[in-house]
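# Survey of secondary and tertiary structure
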There are 2 protein chains.
Amino acid sequence: MNAENVQYPTLQRSPTLSDRVTDSVLQLITSNALKPGDRLPSERDLGVRFGVSRTVVREALRSLAAKGVLDVRSGSGAIVARVDVDTASQALRLFVQGSREGADGDRVEYEQINDVREMLETRVARIAARAAQDTDLDSLRDLHDRMKAAKTDVELSSSLDVAFHRGIAVATHNPLFVVMLDSIEPALLEIRRKTLGSPGRPNRALRAHAQILERIAARDPEGAEQAMNDHLADSRAVWRRLGGTVS
Amino acid sequence: MNAENVQYPTLQRSPTLSDRVTDSVLQLITSNALKPGDRLPSERDLGVRFGVSRTVVREALRSLAAKGVLDVRSGSGAIVARVDVDTASQALRLFVQGSREGADGDRVEYEQINDVREMLETRVARIAARAAQDTDLDSLRDLHDRMKAAKTDVELSSSLDVAFHRGIAVATHNPLFVVMLDSIEPALLEIRRKTLGSPGRPNRALRAHAQILERIAARDPEGAEQAMNDHLADSRAVWRRLGGTVS
C-alpha cells in the first residue's frame, strides 16, 4: 500500500496472495468504490472474483479486520468500518504512544511532536479567528477563568490548559484539526505537567491565553497566529531549560 | 472521554458502568500506565479491581476492542494494541472518507481538507529543507522526472504528483507528518484528477515542483515554504474554477 514510503527501508518479503487481496480491498475503499457501511460479498464470492481460495480470502479479511478497516461479525459477513472521530483519534494516539518506545527510525521524539504542535496550533488560532462562533468564545472564556482560579494546582491547570487549546481547535469547526491535535494530547499533557510546575510559567501562560483569546474575539487571524506562536515559543524554551532534548 | 468537546452538542445519555470502565482503561493507556503490548488482568481480576461484575468488564473490553484499542484473542486475554503507522493512517483515512458523507456538523468538506493540506504541506516543505538527506533528494528527483515523462497520462501524473508531495513529507523524517498527509491522500488524489486535466496546469505543476525541489536541495526553508505556498494557491484556484465549493 505504501510503495513510495522510503522511510522504513527494511527488506520486504514478497507479497503473498492474501496480501494482494488485502491491498485490492484497500484500493477499492481508498478509491471510494467501497464506502464505510458497505457490505462485502461472501468469502466464496470474493474468492471467485479474485480467483483465489476461500482460505486466502479469509486470511485477508482477518488482516483487514485487525487493521480496523472491516467489521467482521459472525454470520453477517464483513462491513467496511465506519470510523468515528473518537476511534480515529484513539488510533493516532496509540500510534504516537507506541512510537515513542519504538526502534530508532520509527520513534517519535518530543521535538517532532512539538514541530507538529506548532504547525497545528498556529494555523488553528488563525482559522479560529475567522470561524469561531459566540458559543465557542464563551466556552474559551469559561476555560480561561477556570484555569485562572486553579492557581497552583498543577494537575488541574494542566488539564484546563489542554482543554483551552483544544477549544481553539474546536472553534475552527474543522474536525480534522481536532483529531490531529487530540492525537498528540497525551504527550502535550506530559510536557505541561513539567512546564506549569516551573516558577513564573503559569502566569505567563495565562497572560498569553488572554492575548490569544482577545485576538480571536477581535477576528484578527494574523494577531491570533502571532500570539499563539509567541506562547508556544515560550513553552518550548521552558521545556528545553527543564531538560527536554534539543533538536 | 471528550468532556470538553463542544462540537457535537447532541444530548448524551449518562454513562453506564461499562462506559466508566472503558474510560478508566483509556485513561490508564493515555497516562502511559498501560503501554502498547501490555497484557490486561483477567476479566475476573478487572471486575474485582473496578468493583463491577464480569459482564460489565466484558462489555467494556468488547467496546475497546471495537475501537482498536485492545487486541482480544480468545484464551490469551486482552492486550493493549500496538498501532503501526499504516493502521493509524488507515483509521484517519476511513474517518475522512466516512465524514465526507456524514451529517452536516460532522461532514468534512473539500475546503476543510484543503485547509489541512495547506497547513501540512507548507510546514513540511520548510522542515524538509532542513532535514532531507541525499537519498530523499534523489527519490524526489526521480519522481519528478517520472511525472515529466508521464505527460498527458492524467491518472499516472496524478499518482506521481501525490507521491512527490508524500516524498517531501517523508524527507522531514517525522512520521507524524506522513500519517497526517496520508489521511487526506484519497481526497487529494480526487482533486488532482480534476485539476491535472485542466489545460496548462500539468506544466505549471511541474515547474512548481522543480522550484520546490530546488529550494529544498538549497537548504532554504523559507524559500521552500514559499514555493509550496504558491503551488497550492494555484491548485486551489484551478480547483475552484472547475466548480469546487468556495468557502
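Residues numbered from 1 in each chain as written. Chains lettered and ligands numbered in written order. Predicted model: local features only at pLDDT ≥ 70, side-chain atom pairs only at ≥ 80, totals over all residues. Heavy atoms only, no water.

Looking at an unreviewed UniProt entry, one finds chain A named FadR/GntR family transcriptional regulator and attributed to Rugosimonospora acidiphila.

## Side note on the overall build of chain A
Helix and strand content of chain A: eleven helices and two strands. Reading chain A from its N end, one meets helices and strands in the order α-α-α-β-β-α-α-α-α-α-α-α-α. Here chain A holds 247 residues, and the buried ones make up 52% of them. If you take every contact in chain A between residues at least 6 apart in sequence, the share linking residues at least 24 apart comes to 70%. (Helix = DSSP H or I, 4+ residues; strand = E, 2+ residues; numbered from the N terminus. Buried < 20%, exposed > 50% of the residue type's maximum accessible area, 1.4 Å probe, protein only. Contact = heavy atoms within 4.5 Å.)

## Regarding helix H5 (residues 110-131) of chain B
Taking 1.5 Å of rise per residue, the 22 residues of H5 of chain B would be expected to cover 32 Å, and the 30 Å separating its terminal C-alpha atoms lies within 8% of that figure. With 18 of 22 residues buried, H5 of chain B is to be regarded as a mostly interior element. (Expected span 1.5 Å × (residues − 1).)

## Concerning the side chain of serine 157 of chain A
Relative to the elements of secondary structure, serine 157 of chain A occurs in helix H7 (residues 154-170). When residues no more than four places from it in sequence are discounted, the contact partners of serine 157 of chain A are Met147, Ala150, Lys151 and Leu196 of chain A.

## Overview of the interface of chain A and chain B
At the junction of the two partners, chain A supplies 68 residues and chain B supplies 68 residues. Carbon and sulfur atoms supply 62% of the area buried between chain A and chain B, which totals about 5,900 Å² over both sides. On the chain A side of the interface with chain B, the three residues burying the most area are Leu94, Met119 and Leu176 of chain A, jointly 11% of the side's total. Counting every contact that joins chain A to chain B gives zero salt bridges. Scanning the region where chain A abuts chain B turns up four residue pairs in polar contact (both at pLDDT 80 or more). Those elements that place two or more of their residues in the side of chain A that touches chain B are helix H1 (17-30), helix H4 (85-99), helix H5 (110-131), helix H6 (134-150), H7, helix H8 (175-183) and helix H9 (185-195) of chain A. (Buried area = accessible area lost by both parts, 1.4 Å probe. Salt bridge = Lys/Arg side-chain N within 4 Å of Asp/Glu carboxyl O. Polar contact = N/O pair within 3.5 Å; in protein donor to acceptor, adjacent residues only side chain to side chain.)

## Notes on the pattern of salt bridges
All told, the structure shown has 32 salt bridges over all chains when counted by the stated rule. With its nearest N and O atoms 3.0 Å apart, the salt bridge here joins glutamate 43 of chain A to arginine 58 of chain A. In this pair, glutamate 43 of chain A is assigned in helix H2 (residues 43-50) and arginine 58 of chain A in helix H3 (residues 54-66), connecting sequence segments 15 residues apart. For arginine 58 of chain A, a relative accessible area of 35% gives the class partly exposed. The partner of arginine 117 of chain B in a salt bridge is glutamate 121 of chain B, and the shortest N-O contact between them spans 2.9 Å.

## Considering the packing of H5 of chain B against helix H8 (residues 175-183) of chain B
Residues and elements named next belong to chain B. Where H5 meets H8, the axes come as close as 11 Å, and the angle between the chain directions of the two elements is 150°. Between H5 and H8, the angle is such that the two are roughly antiparallel. For the pair H5 and H8, the crossing hand works out as left-handed. Touching Leu120, Glu121, Arg123, Val124 and Ile127 of H5 are Phe177, Met180 and Leu181, all from H8. (Axes fitted to C-alpha atoms, helices over the stretch in contact; angles between N-to-C directions. Parallel < 35°, antiparallel > 145°, perpendicular 65-115°, else oblique. Left-handed = near helix turned anticlockwise from the far one by under 90°.)

## Considering the relation of the copies chain A and chain B
Between chain A and chain B, the superposition needs a rotation of 180° and an axial shift of 0.0 Å, giving an RMSD of 0.1 Å. Such a combination of rotation and displacement between the chain copies is what one expects of a two-fold axis. A share of 100% of the interface residues of chain A reappears at the interface of chain B, consistent with the copies meeting face to face through the same patch. (Least-squares fit on C-alpha atoms with pLDDT ≥ 70 in both.)

## Some points on the packing of H6 of chain A against H7 of chain A
Two numbers describe a pair of packed helices, the interaxial angle and the distance between the axes. All names here are of chain A. Orientation of H6 relative to H7, taken along the N-to-C sense of each, is 165°, at an axis distance of 9 Å. In terms of axis orientation, H6 runs roughly antiparallel to H7. Judged by the sense of rotation from one axis to the other, the crossing of H6 with H7 is left-handed. Contact residues: H6 offers Leu140, Leu143, His144, Arg146, Met147 and Ala150, while H7 offers Leu156, Ser157, Leu160, Asp161, Ala163, Phe164, Gly167 and Ile168. Its residues assigned to classes, the contact of H6 with H7 comprises nine nonpolar, three polar and two charged. (Nonpolar A, V, L, I, M, F, W, Y, C, P; charged D, E, K, R; others polar.)

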